[in-house]
Amino acid sequence: MSVKPLSPEKLYQVTDPTQFVFETSDELEELTDIIGQPRALEAIRFGTGMESRGYNIFALGPPSTGKRSLVKKFFEEKAIKDTVPDDWCYVFNFNQDHKPKAIRLPSGMGAKFQSDMEQFIDELKNTLSAAFESDEYRTRRRMVESEVEDRQEAAFDKLQEKATKENFALLRTPAGLVFAPTKNGEVIPPEDFKQLSKETRQEMEKRVQSLQEELQILLQQIPVWQRELRGSIRQLNNEITEIAVSSILSELKTIYDAFPQVSEYLVAVQKDVVENASRLIEAEEDGDKPKDEASLAALMSSGRSSSTFMRRYKVNLLVNNKDSDGAPVIFEENPTYPNLIGRVEQMARMGALITDFTLIKPGSLHLANGGYLVMDARKVLTQPYTWEALKRALETQKVRIESPGEMLGLLSTVSLEPEPIPLSLKVALLGDRMMYYLLSQYDPEFRELFKVQADFAEEIPRTLENQILYAQMIATLARKNEVKPLTREAIARLIEHSARVIGDSVKLTIQVNNIVDLLNEANYWANENSTDKINASDVQKAIDARIYRADRMRERYQENILRETIMISTKGSQVGQINGLSVVQMGEFSFGFPSRITASIRRGKGDVIDIEREVELSGPIHSKGVLILAGFLTQRFASEEALSLSASLVFEQSYSGVEGDSASSAELYALLSAISQVPIKQDFAVTGSVNQLGQVQAIGGVNEKIEGFFDICKERGLNGEQGVLIPEANVEHLMLKQEVRDAVADGLFNVYPISRIDEGIELLTGIAMGEFDADGNYPPESISGRVLARLEKLSKKKDDSSEKEPDDNS
């Protein structure tokens, strides 16, 4: 046979510890750069420096490949050089109180403005109290009130004098003011009044009626005088307030003269305070703490409480960059809709929810404005409305705070509508490749907003230079996680394990989470062994313990095979039957196991029936692999006429879905055996896909598959004949466990690299596939000769059967 089994050296790429010039990881320097990401590094450098609109970054790749660290590094390096962004404040809108105004101030000025307005409120209360309690104010107010009182008294005196001249007196009774006739200055009693003549009484009643009309006119004039009094007092209050507020605000206007928004706001504050001076005074007089809850609710709803009313002059400092050095770099770990764009909070007061502009809270877009924002793409997409809100903010370059109900038009209640804030920032999303490609395909806005693709690799070439860098990375992770130093043998074992994790002997994984976990677990076993360093044995113990914790299902499956509940043959020969190999992924643990594949043929129309596909247990890739088999048979044996057979293929005792084409070569071997009637040796297992030309192609999980069949053979007893056929292209992926390598070295187990179906069928049957001779025929005893002879026999039977069929036209 031309195919020879692989030597033990081909089954595992050893890392020689002597290539390292250190003894322990303590001797290695810190690794400051992320290794193996030149493409992603260049993309992030470009995206960070690109100022044009839409050049936000999507860092795509598997977890733990350094996406977050690299984005953070570039953002922070750029941010420290950037100017500190401005502060943002919300203030009361005196024209439309449900639409708070946004004010932009240089960094640090926002906090000062907020503090100055707090001081203004305190001074305003004190100044107004002092002004309205002063002797001057009391004197002027008394003068205004006295003037009205004098007018009232003069009018009543005049009416009283007129009544007296006409012998009438003005009396106050429970029913009101009335006129009564008098005689000699005394009120005439009712009995005496009745004794008067009718003409006299009528005359008196007529004069009373006239006086009563004058009294009514006078009483109607009193509210007018009261309104005039209140107007005069209001004017006096405004005058006093204007003087008091002007003295307080004059300094603030000077300080903030360079900021038009603040200057405009201070003018509005002064005008509002003057217009509401009486309201403030009444609130102070009524007190801020009513005795009962009903009074409190009424006071809050009316805004008469001075402390409540004074809130309108507060400043809500939304973004404070006073203590910032450079631009902000924000990592939003929980990108909910409110956390991203901000929210308007509410307070419960007397069973009702109330709010105002001071309860507006910033989102991460506000906090990162002028800087950089980093988020996990999956979290953004899984939070309701967050993705749409992010796109809208980036497209409009504004942050608009609104509730989801308002955004969707589901709420009709009046709420706050804060003025949108201009937005200028760089956003980086961290996600996997599939998410990036799906967004690119189905969301046209995504390509316009995230133009920079930072693709992170999950592996690096296993060169000597990279192994040294890898050792440095392991040392850095050991220090960061506070584990014991590692010997160079332990580091070499970790490097070998990282190649096994990636499933490639010439590559190393750079997904550091697996390395960090293994470091911590190896440190545990080093502590158990009371050693001051982590040795290679500690690393191996950690690997073995991890496998043991996860492989209960593998043991259960192997037990079923060994008890022959699942039928797998590892000796003898059988026509149309072969051991295929599959891999199961269960969480982070995967294992391989053999599966029996059988083939049967009969006279037919050249179709190959995949029983799994017929019952919908087959995935599309597996179905494709089966269809390729028909292409191979046609190309090799029936290029000029149709095949005269039908074949059935099945994974025996398979009760779940079958996917992938890694068993297509095994299925083809079973077909060739069934057609040629040549038995296949059952002490072999096969993996590898095949194309229509008969070339065996690479597959995944080759290490797990070999080890899965080896474990069964070992339990039943190794005899030196057992082995696995793998694609030749998978040889460089081999990183088999020590037990398999030892068995191969002792001649008890074999691994064969196969490049063509011809090589594999000869190894499995002991008979060559065969090639055309000079006459264009296959050797009769070859597999091809036997297959062709069987096909001709089936074709002849088909022709004989057709001749015996009656002619419908006869």
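So, here is what we can say about the structure in this document. Being a predicted model, the structure only gives us computed values, none of them experimental.

### Some points on the overall build of the protein chain
Move 1: Looking only at helices and strands, one finds 29 helices and 30 strands in the protein chain.
Move 2: Looking at the 810 residues of the protein chain, the share that counts as buried comes to 46%.
Move 3: Long-range pairs, those at least 24 residues apart, make up 77% of the contacts in the protein chain with a sequence separation of at least 6.
Move 4: Accessible surface, the protein chain: about 41200 Å² in total, of which carbon and sulfur atoms supply 49%.

### Observations regarding the sheet that holds strand S3 (residues 101-105)
Each strand in a sheet pairs with its neighbour through backbone hydrogen bonds, running either in the same direction (parallel) or in the opposite one (antiparallel).
Move 1: Read across the sheet, 3 strands follow the order S3-S2-S7 without closing on themselves; strand pairing throughout is antiparallel. Sheet topology places S3 and strand S7 (316-319) at the edges, where each strand pairs with a single neighbour. For this sheet, the mean angle separating the axes of adjacent strands, direction not counted, is 30°.
Move 2: Across 3 bridges, the pairing between strand S2 (residues 87-91) and S7 is antiparallel. Residue pairing for S7: Cys89 is matched across the bridge by Leu317.
Move 3: Relative to the sheet, helix H3 (residues 109-132) contacts S2, S3 and S7, its axis offset from that of S2 by approximately 30°.

### Focus on the sheet that holds strand S13 (residues 372-376)
Move 1: Pairing within the open sheet is parallel, and its 5 strands lie in the order S8-S13-S16-S1-S17. Each edge of the open sheet is held by one strand with a lone partner, namely strand S8 (329-332) and strand S17 (452-455). Neighbour-to-neighbour, the strand axes of this sheet turn through a mean angle of 20°, independent of strand direction.
Move 2: As paired elements, S8 and S13 share 4 bridges and run parallel to each other. Directly across from Ile330, in S13, lies its bridge partner Leu373.
Move 3: The sheet strands contacting helix H1 (residues 38-49) are strand S1 (57-60), S13, strand S16 (426-431) and S17, and the helix crosses S17 at an angle near 155°.

### Regarding unusual backbone geometry
Move 1: Non-glycine residue Gln653 carries a positive phi angle of around 55°.
Move 2: Looking at the element boundaries, Gln653 is found in the loop between strand S24 (645-651) and helix H25 (664-676).
Move 3: At Gln677, a residue that is not glycine, the phi angle is positive and equals roughly 65°.
Move 4: For Gln677, the location among the structural elements is in the loop between H25 and strand S25 (680-681).
Move 5: Since its relative accessible area comes to 47%, Gln677 is described here as partly exposed.

### Side note on a nonpolar patch on the surface
Move 1: Among the surface-exposed residues, Met434, Leu438 and Tyr442 lie close enough to one another that they form a single nonpolar patch of about 380 Å² accessible area.
Move 2: When its relative accessible area of 66% is taken as the criterion, Tyr442 is described as exposed.

### Some points on a negative patch on the surface
Move 1: Taken together, the side chains of Glu147, Asp150, Glu153 and Asp157 present a region of like negative charge at the surface.
Move 2: Along the chain, the position of Asp157 falls in helix H4 (residues 135-165).

### A few points about helix H2 (residues 67-79)
Move 1: In a regular helix each residue adds 1.5 Å, so 13 residues correspond to 18 Å; H2 covers 18 Å between its end C-alpha atoms and thus fits that length.
Move 2: Buried within H2 are the following residues: Lys67, Leu70, Val71, Phe74, Phe75 and Ala79. Buried residues in H2, looked at end-on, bunch into an arc of 155°, giving them a common side.
Move 3: Where H2 is buried, its residues contact H1, S1, S8, S13 and S16.

### A look at the environment of Phe357
Move 1: Checked against the element boundaries, Phe357 lands in the loop between strand S11 (352-354) and strand S12 (360-361).
Move 2: Among the residues examined, Phe357 registers a relative accessible area of 4% and is labelled buried.
Move 3: Taking C-alpha positions, Phe357 is 6.9 Å from Val91, a pair spaced 266 residues apart along the chain.
Move 4: Discounting chain neighbours no more than four positions away, the residues touching Phe357 are Tyr90, Val91, Phe92, Pro100, Arg311, Arg312, Lys314, Asn316 and Leu416.

### Looking at H4
Move 1: With 31 residues, H4 ought to run about 45 Å at 1.5 Å a step, and its terminal C-alpha atoms sit 43 Å apart, in line with that.
Move 2: Taken together, the buried positions of H4 are occupied by Tyr137, Val144, Glu145, Ser146, Val148, Gln152, Leu159 and Ala163.
Move 3: Remark: Asn167 follows H4 within two positions and exhibits a positive phi of approximately 60°.

### Some details on the packing of helix H19 (residues 488-502) against helix H20 (residues 512-528)
Move 1: For the pair H19 and H20, interaxial distance at closest approach is 11 Å and the crossing angle is 135°. Judged by the inter-axis angle, H19 sits oblique to H20. The two elements H19 and H20 meet at a crossing, and its hand is right-handed. Contact residues: Leu494, His497, Ser498 and Val501 in H19; Asn514, Ile515, Leu518 and Leu519 in H20.
Move 2: In terms of residue class, the contact of H19 with H20 is made up of 5 nonpolar, 3 polar and no charged.

Each value, and the rule that gives it
- As a convention, each chain's residues are numbered from 1 in the sequence order in which they are written.
- Per-residue local features are limited, in this predicted model, to residues with pLDDT of at least 70; the limit for side-chain atom pairs, both in listing and counting, is 80 or more; totals at the level of whole chains, interfaces and linings are taken over all residues.
- Water and hydrogen atoms were dropped before computing side-chain values, which therefore reflect all heavy atoms in the structure.
- Where helices and strands are cited, they refer to DSSP runs of H or I of at least four residues and of E of at least two residues respectively, numbered from the N terminus.
- Buried residues are those whose accessible area, probed at 1.4 Å on protein chains only, stays under 20% of the maximum for their type, while exposed residues exceed 50% and partly exposed ones sit between those limits.
- Throughout, a residue-residue contact means that at least one pair of heavy atoms, one from each residue, lies within 4.5 Å.
- For accessible areas, the Shrake-Rupley method is used with a probe of radius 1.4 Å. Any residue's cover is judged against the shown protein chains and nothing else.
- Think of it this way: DSSP has to see at least two bridges between two strands before they count as a pair.
- For helices, the axis comes from a line fit to the C-alpha atoms of the stretch in contact; other axes are also lines fit to C-alpha atoms, and the angle between any two N-to-C directions lies between 0 and 180 degrees.
- Every patch collects residues that have over 30% relative accessible area and no salt bridge, joining them within 9 Å if they carry like charges and within 5 Å if they are nonpolar side chains (Val, Leu, Ile, Met, Phe, Trp, Tyr).
- We define a salt bridge as a contact between a side-chain nitrogen of Lys or Arg and a carboxyl oxygen of Asp or Glu at a distance within 4 Å.
- In this tally, Asp and Glu contribute negative charge and Lys and Arg positive charge; neither His nor the terminal groups of the chain are included.
- The atoms used to mark charge sites are NZ of Lys, CZ of Arg, CG of Asp and CD of Glu.
- Take the number of residues in a helix, subtract one, and multiply by 1.5 Å to get its expected span.
- Picture the helix axis, draw a direction to every C-beta atom, and the arc is the one those directions span.
- Comment on the angle field: the value is read as roughly parallel under 35 degrees, roughly antiparallel over 145, roughly perpendicular from 65 to 115, and oblique elsewhere.
- Here a crossing is called left-handed whenever its near helix is offset anticlockwise from the far helix by less than a right angle, and right-handed whenever the offset is clockwise.
- Polar here means any residue outside two lists: the nonpolar Ala, Val, Leu, Ile, Met, Phe, Trp, Tyr, Cys and Pro, and the charged Asp, Glu, Lys and Arg; Gly therefore counts as polar.

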